[in-house]
Amino acid sequence: MKMLFTAVAFLLLLAPAATAQEMQQAAAKPTPKAPALEAKVQKLWEAFKNKDKATLSALLDGGFRQFEEGLSTFGDKKTEVNAVDEFELVSYTLSDFTVKSLGPNAAVVTYVAQYEGKSGGEASKAKSVFGEVWIRAGNEWKALYMQETYVK
């Protein structure tokens, strides 16, 4: 009987290690969410470029937050949707996508964006790295958080 308890205790000690290893292996595998989320990111940028506030709003979660370099406070969904009135996105290229699953209903998406735009009549160009958290709400993926960091 003592041998049985020892064997059970040993197996219970191994279970968390196996679970952690399985999670690391699963995180390393490409996620089937990647193409869908890349398409959502592209759709978000296209909606911003076309000043399509309805589509932009539909792609952002109600609790959406963002932080851009040079600002001193977080923006919310309303701020992002209304930004199309102040910034004209002329062109953009998105590349180097990486999608990391955080579970069945969440993922982190990172990518590089090169874009040109106009604000207040002045033209600007930027190359930035974006990090975004996307969550599934029902059957739809929505952006929950976005962070932009300029590349020198």
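We now turn to the structure provided with this report.

What follows is about the side chain of Lys 33. Checked against the element boundaries, Lys 33 lands in helix H2 (residues 33-49). The charged side chain of Lys 33 is buried without a salt bridge, its nearest counter-charge being Glu 38 at 14 Å. At 2.9 Å, the side chain of Lys 33 and the side chain of Ser 101 are in polar contact. Not counting chain neighbours up to four residues away, the residues in contact with Lys 33 comprise Ser 101, Gly 103, Pro 104, Asn 105, Ala 106, Arg 136 and Trp 141.

Next up on the list: the pattern of salt bridges. Think of it this way: side chains of opposite charge can pair up when their charged atoms draw near. All told, the structure shown has two salt bridges when counted by the stated rule. Of the charged contacts, one joins Glu 140 and Lys 40 as a salt bridge, the two residues approaching to 2.9 Å between their closest N and O atoms. Here Glu 140, found in strand S6 (residues 140-150), pairs with Lys 40, found in helix H2; they are 100 residues apart in sequence, far enough to count as distant. The exposure class of Lys 40 is buried, given its relative accessible area of 16%. Here Asp 85 ties to Lys 53 by a salt bridge, and the two come within 2.7 Å at their closest N and O atoms. Residue Asp 85 is found in the loop between helix H4 (77-82) and strand S3 (88-103), and its partner Lys 53 is found in helix H3 (residues 53-59); the two are separated by 32 residues along the sequence.

Pairing is mixed across the open sheet formed by six strands, whose spatial order is S2-S1-S6-S5-S4-S3. Every other strand in the sheet has two partners, leaving strand S2 (75-76) and S3 as the edge strands with one partner each. Where strand S1 (residues 60-68) lies against S6, five bridges are found, and the strand directions are parallel. Note that in S6 the partner of Leu 60 across the bridge is Ala 143. Packed onto the sheet, H2 meets S1, S3, strand S4 (106-119), strand S5 (122-137) and S6 and runs at close to 155° relative to S3.

Following the criterion strictly, the structure yields eight aromatic pairs and no others. Both rings, one in Trp 45 and one in Tyr 92, keep their centres 5.3 Å apart while their planes meet at 35°; by these two values the pair is tilted. Pair noted here: Trp 45 is in helix H2 and Tyr 92 is in strand S3, with a separation of 47 residues, a long-range link. On the accessibility criterion, Trp 45 (9% relative accessible area) is buried. Judged by its relative accessible area of 18%, Tyr 92 falls in the buried class.

What follows concerns the nonpolar core. In this structure, Leu 44, Trp 45 and Tyr 111 are the most contacted members of the largest nonpolar core, which totals 30 residues. Those elements giving two or more residues to this core turn out to be H2, H3, S1, S3, S4, S5 and S6. Considering each element in turn, this core owes the most residues, seven residues, to H2. Discounting chain neighbours no more than four positions away, the residues touching Trp 45 are Leu 89, Tyr 92, Leu 94, Tyr 111, Ala 113, Tyr 115 and Phe 130.

Conventions we followed
- Residues numbered from 1 in each chain as written.
- Predicted model: local features only at pLDDT ≥ 70, side-chain atom pairs only at ≥ 80, totals over all residues.
- Heavy atoms only, no water.
- Helix = DSSP H or I, 4+ residues; strand = E, 2+ residues; numbered from the N terminus.
- Buried < 20%, exposed > 50% of the residue type's maximum accessible area, 1.4 Å probe, protein only.
- Lys, Arg positive; Asp, Glu negative; His and termini not counted.
- Salt bridge = Lys/Arg side-chain N within 4 Å of Asp/Glu carboxyl O.
- Polar contact = N/O pair within 3.5 Å; in protein donor to acceptor, adjacent residues only side chain to side chain.
- Contact = heavy atoms within 4.5 Å.
- Pairing = 2+ DSSP bridges.
- Axes fitted to C-alpha atoms, helices over the stretch in contact; angles between N-to-C directions.
- Phe/Tyr/Trp six-rings, centres within 6.5 Å; stacked < 30°, edge-to-face > 60°.
- Core = buried A, V, L, I, M, F, W, Y, C linked by side-chain atoms within 4.5 Å.

Geometric descriptors of this kind do not, in isolation, establish any biological role.
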